[in-house]
Amino acid sequence: VGHCHPDIVKAAHEQNQLLNTNSRYLHDNLVDYAERLSKTLPEKLCIFYFLNSGSEANDLALRLARQYTKHEDVIVLDHAYHGHLTSLIDISPYKFRNLEGQKEWVHVAPVPDTYRGLYREDHEDAVTAYADEVKNTIEHAHKRGRKIAAFFVESLPSVGGQIIPPAGYFQKVAEHVHKAGGIFIADEIQVGFGRVGKHFWAFQLQGEDFIPDIVTMGKPIGNGHPLACVATTKEIAEAFAATGVEYFNTFGGNPVSCAIGVAVLDVIEKEHLQAHATEVGNFLMKILKEQQIKHPIIGDVRGCGLFIGVDLIKDQAK
């Protein structure tokens, strides 16, 4: 919502003058913020855990998935990046290929890239073809005696190249993953909070009939303040709580963080930033496509709202 936005600075300052505690101590801001955030999400996603960073959120999502499913393995997309904790480096091909390599519990599926991926725009059914790659990954894992806990994916793969998955892909993948006893985790850390313009969450680009089992949030949620969130279903949260080992985060959900979180939502709404993302994104896409006609080095221009990717190429044929 902009560097040092006055409304955000004011909310932080005012709450800092009143009270900031560790989150063992209950405060209305926590509940107020959870209620505000819940209005942006499908009703099914009604339990919230507040944390300090996107990496913390994704690590907790991994724990929730494993506790709920009683399985260990995770399917991720090629080139994915999900955070800097050890657990997340392990599910980030972008990182682990340059470090210790792929763990036996990690399975990598191809990115649903219809420009330069396995199945392209001229394919008769790229959606099903890419979803079948996930199905094949699951079957291969089962043959090795492995069990799938989760399909972990950015709603729009960013490090992988600003990819826009074809509509319907998530629904088909979720069907395969649920059948295998796993859950679907949508990482919205880079692409949530109205960045895509016409929707508040990027997973909503897939259609109203698609709802992830877990959504993780970070980055824009606090406009630079360390704040993050995991939203999930009552069933998954109850399975996690049943261990008797409560989840606790010293500063996640403290009064100042929650005051900032509410202020961010206020600014997005008051300043019509979703509409702004759509308008500016459309303008930028128009200009880029005009350049694409002039310059053969520009192979593809794609995007939604202010999530835009440009492929620079050497050979049009490839």
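Residues numbered from 1 in each chain as written. Predicted model: local features only at pLDDT ≥ 70, side-chain atom pairs only at ≥ 80, totals over all residues. Heavy atoms only, no water.

Per an unreviewed UniProt entry, the protein goes by AT2L2 lyase and derives from Toxostoma redivivum. The protein has a UniProt comment under Cofactor (unreviewed entry) that states "pyridoxal 5'-phosphate". Of the comments in the UniProt record for the protein, the one headed Sequence similarities (unreviewed entry) reads "Belongs to the class-III pyridoxal-phosphate-dependent aminotransferase family." (UniProt positions renumbered as here; feature names shortened; annotations may be inferred.)

I'd like to hear about the overall build of the protein, residue by residue, with values.
Check the secondary structure of the protein and you find 10 helices and 9 strands. Compactness check: the protein gives a C-alpha radius of gyration of 20 Å against a globular reference of 20 Å for 318 residues, within 12% of the reference. For the protein, the spread of C-alpha atoms along the principal axes amounts to about 65 × 50 × 40 Å. The proportion of buried residues among the 318 residues of the protein is 52%. Partitioning the intrachain contacts of the protein with sequence separation of at least 6 by distance along the chain shows that 72% fall at a separation of at least 24. (Helix = DSSP H or I, 4+ residues; strand = E, 2+ residues; numbered from the N terminus. Rg over C-alpha atoms; globule rule 2.2 N^0.38 Å. Buried < 20%, exposed > 50% of the residue type's maximum accessible area, 1.4 Å probe, protein only. Contact = heavy atoms within 4.5 Å.)

Hey, could you go over the domain arrangement of the protein for me, with residue numbers and the actual values?
Splitting the protein by domain gives domain 1 (6-271) and domain 2 (276-312). Computed over C-alpha atoms, the centres of domain 1 and domain 2 are 26 Å apart. On the domain 2 side, the residues contacting the 16 residues of domain 1 number 14 residues. Summed over both partners, the interface of domain 1 with domain 2 buries about 1,200 Å², with 59% contributed by carbon and sulfur atoms. Contact with domain 2 buries surface across domain 1, with Tyr115, Gln162 and Arg195 losing the most and accounting together for 45% of the total. Inspection of the region where domain 1 meets domain 2 yields 1 salt bridge. With its nearest N and O atoms 2.5 Å apart, the salt bridge here joins Asp311 to Arg116. (Domains from an automatic or database assignment. Buried area = accessible area lost by both parts, 1.4 Å probe. Salt bridge = Lys/Arg side-chain N within 4 Å of Asp/Glu carboxyl O.)

Tell me what's going on with the nonpolar core, and back it up with residues and numbers.
Formed by 55 residues in total, the largest nonpolar core has its most connected members in Phe151, Tyr169 and Met217. Ranked by residues supplied to this core, first place goes to helix α9 (residues 255-270) with 9 residues. Those residues in contact with Phe151 that lie beyond four places of it in its chain are Ile75, Leu77, Val134, Tyr169, Val173, Val177, Ile183, Phe184 and Ile185. In this structure, Trp105, Val106, Ala150 and Phe152 belong to the second largest nonpolar core, which totals 25 residues. (Core = buried A, V, L, I, M, F, W, Y, C linked by side-chain atoms within 4.5 Å.)

So what's going on with a nonpolar patch on the surface? Which residues, and what values?
The grouping of Ile297, Val310 and Leu312 at the surface amounts to a nonpolar patch, some 270 Å² of accessible area in total. Residue Ile297 is classed as partly exposed on the basis of its relative accessible area, which comes to 46%. (Patch = residues over 30% accessible without salt bridge, like charges linked within 9 Å, V, L, I, M, F, W, Y side chains within 5 Å. Areas by Shrake-Rupley, 256 points an atom, 1.4 Å probe, with all protein chains shown as cover.)

Explain helix α1 (residues 6-18) residue by residue, including any values.
With 13 residues, α1 extends 18 Å from end C-alpha to end C-alpha; this agrees with the ideal 18 Å at 1.5 Å per step. Within α1, the full set of buried residues consists of Ile8, Ala11, Ala12 and Gln15. Projection of α1 onto a plane perpendicular to its axis shows the buried side chains occupying an angular sector of 95 degrees, all on one side. When the buried face of α1 is taken as reference, the exposed residues oriented beyond 90 degrees from it are Pro6, Lys10 and Gln17. Looking at the buried side of α1, the elements it contacts are α2 (28-38) and α9. (Expected span 1.5 Å × (residues − 1). Arc of directions from axis to C-beta.)

Quick one: what's the story with the side chain of Thr232, residue by residue and with numbers?
As for its position among the elements, Thr232 is in strand β7 (residues 228-232). Residues contacting Thr232, with those up to four places away along its chain left out, are Lys44, Leu45, Cys46, Ile47, Tyr49, Leu64, Asp213, Ile214 and Ala237.

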